[in-house]
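Structural overview
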Amino acid sequence: GISLFKEQCFDAAETCFSEAIQHNPTNADAFLNRSAAHVRLRNWADAEADAAKAIELDPSNAKSHHSRALALHNLDDQQGALAACSVGLAEHPGNDPLLRLNDKIQAAIQAQQSVEEEEEAARLAQEEQERAPAQQGALPTGPVPVRIAI
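These numbers come from a predicted model, not from an experiment. (Residues numbered from 1 in each chain as written. Predicted model: local features only at pLDDT ≥ 70, side-chain atom pairs only at ≥ 80, totals over all residues. Heavy atoms only, no water.)

1. Notes on helix H3 (residues 28–41)
Convention followed: Secondary structure follows DSSP: runs of H or I at least 4 residues long count as helices, runs of E at least 2 residues long count as strands, and numbering of each begins at the N terminus. By definition here, a helix of n residues has an expected span of 1.5 Å times n minus one. Partly exposed residues are those whose accessible area sits between 20% and 50% of the maximum for their type, while under 20% is buried and over 50% is exposed, using a 1.4 Å probe and protein chains only. Note on contacts: a residue pair is in contact if any heavy atoms of the two residues lie within 4.5 Å. Residues adjacent in sequence count toward polar contacts only when both atoms are side-chain atoms; beyond that, a polar contact is any pair of N or O atoms within 3.5 Å, and within protein one must be able to donate a hydrogen and the other to accept it.
Here H3 is 14 residues long and its end C-alpha atoms lie 20 Å apart, about the 20 Å a rise of 1.5 Å per residue gives. By the burial criterion, the buried members of H3 are Ala28, Ala30, Phe31, Leu32, Arg34, Ser35, Ala37, His38 and Val39. Looking at the buried positions of H3, the neighbouring elements they touch are helix H1 (2–6), helix H2 (10–23), helix H4 (44–57) and helix H5 (62–74). Measuring from the side-chain oxygen of the N-cap residue of H3 to the backbone nitrogen of aspartate 29 gives 3.0 Å; that N-cap residue is asparagine 27.

Below, the structure is given as structure tokens:
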């Protein structure tokens, strides 16, 4: 599987890693390698599931945490991705790929928050604009002075 992966034959590599998992379902490296193949194939849900299993079997491997965080990030689960990075960084505080991915995820969260704030401001402005014409043509609701000529 590794040689197929290096040759960028990711479908074939995934098949080989699946066979290795069938022979030894407690092999964390096989799950991690299959996760890496899924990442290259952009099968994010499968990549996340395999990385999670690799972490379950061997929580000390930084690459497993990175693969899981990357998959969650690409599944648009930024909070889950950030949590996965945090777990990996707790075990490997100086891991450069995890640190870079953590920064990328935090930037994605901030960008999403900015978009949500802009959308909310636009929605409120639209509501205000829709109320303004109705208020301009409305009849007075308080007492109206009336003059009576005698």
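More follows now that the structure is in view.
2. A word on the packing of H5 against helix H6 (residues 78–91)
The following threshold applies: In this analysis, axes come from line fits to C-alpha atoms, helices being fitted only over the stretch in contact, and the angle between any two N-to-C directions falls in the range 0 to 180 degrees. Roughly parallel means an angle under 35 degrees; roughly antiparallel means over 145; roughly perpendicular covers 65 to 115; every other angle is labelled oblique.
Contact pair H5 / H6: the axes reach a minimum separation of 7 Å and the direction vectors enclose 170°. Here H5 lies roughly antiparallel to H6, going by the angle between them. In this structure, H5 contributes His65, Arg68, Ala69, Leu72 and His73 to the contact, and H6 contributes Gln78, Gly80, Ala81, Ala84, Cys85, Val87 and Gly88.

3. Comments concerning the packing of H4 against H5
Put simply, the rule is: With the far helix as reference, a near helix turned anticlockwise by less than a right angle produces a left-handed crossing, and one turned clockwise produces a right-handed crossing. Asp, Glu, Lys and Arg are counted as charged, while Ala, Val, Leu, Ile, Met, Phe, Trp, Tyr, Cys and Pro are counted as nonpolar; the rest, among them Gly, fall into the polar class.
It is the contact of H4 with H5, at a shortest axis distance of 8 Å, that shows an interaxial angle of 150°. The orientation of H4 with respect to H5, classified from their angle, is roughly antiparallel. In this structure, H4 crosses over H5, and the sense of that crossing is left-handed. Contacts from Trp44, Ala47, Glu48, Ala51, Ala52, Ala54 and Ile55 of H4 reach H5 at Ser64, His65, Ser67, Arg68, Leu70, Ala71, Leu72 and Asn74. Across the contact of H4 with H5, the residue classes break down as 9 nonpolar, 4 polar and 2 charged.

4. Some details on the environment of alanine 132
Looking at the secondary structure, you find alanine 132 in helix H7 (residues 96–136). A residue is classified by how much of its surface remains accessible, and alanine 132, at 27% relative accessible area, is partly exposed. The spatial distance from the C-alpha of alanine 132 to the C-alpha of alanine 111 is 32 Å, given a sequence separation of 21 residues.

5. Structural notes on the layout of surface pockets
Space left empty within the atom packing is revealed by a probe, the size of a water molecule, rolled over the atoms. Put simply, the rule is: Buried and open spaces are told apart on a 1 Å grid over the protein atoms alone, a cavity being a set of points where a 1.4 Å probe fits but cannot get out and a pocket being an open set with protein on both sides within 12 Å along at least five of seven lines. Residues with an atom within 4 Å of a point are the lining residues. Grid points are joined across faces, edges and corners, and a volume is the space filled by probe spheres set on the points.
Empty space within the largest pocket amounts to approximately 340 Å³. When residues of the lining of the largest pocket are traced back to their parent elements, those giving at least two are H3 and H5. Split into classes, the residues belonging to the lining of the largest pocket amount to 7 nonpolar, 4 polar and 2 charged.

6. Examining the confidence of the model for the protein
Filter applied, for reference: Per-residue confidence from the predictor is reported as pLDDT, a score between 0 and 100.
Scored by pLDDT, the protein has a mean of 89; 91% of the residues are at 70 or more. The least confident element of the protein, judged by mean pLDDT, is H7 at 85; the most confident is H4 at 97.

7. Topic: unusual backbone geometry
Positive phi, close to 65°, is recorded for glutamine 8, a residue that is not glycine. Positionally, glutamine 8 belongs in the loop between H1 and H2. Positioned with a positive phi, aspartate 76 is a non-glycine residue whose angle comes to about 65°.

8. A short note on the pattern of salt bridges
Test applied: Salt bridge, as used here: a side-chain nitrogen of Lys or Arg that lies within 4 Å of a carboxyl oxygen of Asp or Glu.
In total, this model carries 6 salt bridges according to the counting rule given. For aspartate 96, the salt bridge identified is with arginine 100, shortest N-O distance 2.1 Å. Of this pair, aspartate 96 and arginine 100 both sit in helix H7, 4 residues apart, roughly one helical turn. Residue classification places aspartate 96 among the partly exposed positions, given a relative accessible area of 41%. According to the relative accessible area criterion, arginine 100 is exposed, its value standing at 51%. Arginine 123 is the partner of glutamate 127 in a salt bridge, and the nearest nitrogen-oxygen pair spans 2.3 Å. Residue glutamate 127 and its partner arginine 123 are located together in helix H7, separated by 4 residues, close to a single helical turn. Overall, glutamate 127 belongs to the partly exposed group, its relative accessible area being 29%.

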